[in-house]
Amino acid sequence: MIIATIFYMLFGGVVLFVYKIVSVRSMEAERITIERIAAFVTAAEGDVAAIGRGIARQNLVQCLAFVAEMTTGPNERFGIIMKYYHIESYMISRIFKSKNLYERAYQLSLFARLPISMLAALRVEPLVRAESDRVSFSALMCLFAASSIKGVATLARTPHRLSRRDVAEMLSVINRGCCPLPYTPLLMSDNYNLQLFGIYLVRRFGITESRGEIVCIVKNQGSELRDDALSALASFGDFMAERGERNVI
């Protein structure tokens with residue numbers, strides 16, 4: 001019994017030691033990969049073939065997503081990396097081969113963090129109608145990543161209500177560049193999701209020109225989004241003070 005216990009302790013220690021070594025090497029590989037990607041897309045230097053050297057494809061995708069979130073605006077050099085490593089086809093395959101809903105939702109959310117094409121987004125569009133809210137929302141995020149206009153059009157047909165966290169995630173996708181959406185139709189919409197998205201859109205981008213529409217929502221005593229609109233209006237505080245228009249309610 002004592003010998004067996006010692007054996008299992010030694011075996012466990014060896015496993016833990018190996019795991020630590022592998023983890024350290026994996027972290028180092030990811031660090032180097034991130035540096036290579038950053039140099040390639042920002043300084044227009046480096047060899048695209050060297051970017052994925054010594055790292056698994058899934059880890060490469062995670063590194064790409066990390067760098068993509070740290071940059072703003074379109075960058076064609078991301079496209080070069082995506083095409084060279086066939087990232088879109090790889091991710092679409094992973095998404096549809098996922099064995100459970102949690103894994104599928106994760107792969108979709110990772111895909112949405114990449115600068116994907118409209119064609120790739122359309123491949124996962126059917127998943128917007130999935131029974132799982134998380135899978136459905138993650139697929140919707142992919143559409144927003146490819147085209148904000150397409151994302152909004154699909155959002156208008158989404159049956160379940162967005163949470164404030166959902167809206168924040170969607171805005172993080174389109175926040176890579178300038179605001180490409182007309183805000184007035186969103187704010188004046190009777191659709192709960194569209195109006196909620198519109199309120200947080202103008203707040204995120206500081207669109208003070210939307211003040212009139214926001215005030216209309218605030219003055220609507222029956223609006224479920226009155227408090228959200230009021231918070232957005234308060235975020236325009238400096239702008240309101242300059243114009244001497246504090247008493248709007």
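Residues numbered from 1 in each chain as written. Predicted model: local features only at pLDDT ≥ 70, side-chain atom pairs only at ≥ 80, totals over all residues. Heavy atoms only, no water.

Draft legend 1. Examining the overall build of the chain more closely. Across its full length, the chain carries 15 helices and zero strands. In the chain, which comprises 249 residues, the share counted as buried stands at 43%. A fraction of 66% describes how many contacts in the chain between residues 6 or more apart in sequence connect residues 24 or more apart. (Helix = DSSP H or I, 4+ residues; strand = E, 2+ residues; numbered from the N terminus. Buried < 20%, exposed > 50% of the residue type's maximum accessible area, 1.4 Å probe, protein only. Contact = heavy atoms within 4.5 Å.)

Draft legend 2. A look at helix α8 (residues 133–146). Here α8 contains 14 residues, and its C-alpha end-to-end distance of 20 Å stays within 8% of the 20 Å for a straight helix at 1.5 Å per residue. Most of α8 sits inside the fold, with eleven of its 14 residues counted as buried. On the buried face of α8, the contacting elements are α6 (101–112), α7 (118–124), α9 (148–155), α10 (164–174) and α12 (192–205). (Expected span 1.5 Å × (residues − 1).)

Draft legend 3. Summary view of the pattern of salt bridges. Overall, the coordinates contain ten salt bridges when judged by the stated rule. Its salt-bridge partner being Arg164, residue Asp228 comes within 2.6 Å of it at the nearest N-O pair. Of the two residues, Asp228 is situated in helix α14 (residues 226–235) and Arg164 in helix α10; the sequence distance between them amounts to 64 residues. Classification of Arg164 as partly exposed rests on a relative accessible area of 38%. Beyond isolated ion pairs, a larger network of salt bridges with shared partners links Arg134, Arg165, Asp166 and Glu169. (Salt bridge = Lys/Arg side-chain N within 4 Å of Asp/Glu carboxyl O.)

Just geometry here; none of it tells us what the structure is for.
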